[in-house]
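# Coordinates in review
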Amino acid sequence: MEFKVDDWVVHCTHGLGQVKTIEQRSFGEQSVLYYMVQIGDLTIWVPADENINTRLRYPKSPEDFQKLFGMLNSVPEALPIDRRQRNQFLLDLLKDGSAESLCRALRDMSAIRKQKTWGDYDRDLMKRIQKTFISEWSFVLSVNPHDAEAELQKILALNAQ
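Keep in mind that what you see is a predicted model, and the values were worked out from it rather than measured.

Generally speaking, soluble globular proteins have nonpolar side chains that are buried together. Of all hydrophobic cores here, the largest spans 27 residues; its most connected members are Leu72, Leu106, Met109, Ile129, Phe133, Trp137 and Leu152. Among the secondary structure elements, those contributing two or more residues to this core are helix H2 (62-73), helix H3 (83-94), helix H4 (99-115), helix H5 (120-140) and helix H6 (145-159). Phe3, Tyr35, Val37 and Ile44 belong to the second largest nonpolar core, which has 10 residues in total.

Set out below in structure tokens:
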């Protein structure tokens, strides 16, 4: 996938940002193309290598984003109860960087919280996923981030009952 300067993109970990510069960087005899992405006050350099499609993607269209709400409202899938197995499952799920994977993780993690208390890792992962999802939501649907977060909490609370 080729991005251009000024394109809005979603980074798999940090959320919505904008491509500011594209540079060719050399390391020894290797030369790699990098995208400089500005995400709030954070600047990251993303290599345009074979993994670019799991690191950066274009934001969903408003129509496609609306479909994600159906996924958030669907019946949660059971996550492993064992912390290590659950962590590995969630990391594998989120590897593709898709909005659908974010929704599945949000939905399923909210449901497991009803059964057991979260550890620090679960709490931190949930915050990161929510931040990424809310940043895209507010951009795509032109919604205030605080309103998007409040609505997300309502959806997840209803679904976890």
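Next, the rest of the story.
What characterises a pair of aromatic rings is the spacing of the ring centres plus the angle enclosed by the ring planes. Throughout the structure, instances matching the rule amount to 9 aromatic pairs. Ring geometry for Phe65 versus Phe133: centroids 5.2 Å apart, planes at 25°, classification stacked. Linking Phe65 in helix H2 with Phe133 in helix H5, this pair joins segments that are 68 residues apart in sequence. The class for Phe133 is buried, based on a relative accessible area of 0%. Judged by relative accessible area, which is 0%, Phe65 ranks as buried. Each residue in the set Phe65, Phe69, Phe133 and Trp137 is aromatic and connected to the rest through ring pairs, giving one cluster. Here the guanidinium or amino end of Arg25 rests over the ring plane of Tyr34, the centre of that ring lying 5.9 Å away. The ring of Trp45 is capped by Arg25, whose NZ or CZ atom sits 3.9 Å from the centre of that ring.

What counts, and at which threshold
- Here the residue index of a chain counts from 1 through its sequence in written order.
- Residue-level local features of this predicted model are given only where pLDDT is at least 70; pairs of side-chain atoms are given and counted only at 80 or more, and the full residue set underlies all totals for whole chains, interfaces and linings.
- To get the side-chain values, all heavy atoms of the structure are used, and hydrogens and water are removed first.
- We define a nonpolar core as any set of buried Ala, Val, Leu, Ile, Met, Phe, Trp, Tyr and Cys residues linked to one another through side-chain atoms lying within 4.5 Å.
- Each residue gets one of three labels from its accessible area relative to the maximum for its type: buried under 20%, exposed over 50%, partly exposed in between, using a 1.4 Å probe on protein chains only.
- Helix and strand definitions follow DSSP, with helices as H or I runs of at least four residues and strands as E runs of at least two, each counted in order from the N terminus.
- Think of it this way: a Phe, Tyr or Trp ring, Trp meaning its six-membered ring, pairs with another when their centres are within 6.5 Å, and the plane angle makes it stacked under 30 degrees, edge-to-face over 60, tilted otherwise.
- Our definition puts a charge over a ring when NZ of Lys or CZ of Arg is within 6 Å of the ring centre and also within 35 degrees of the ring normal.

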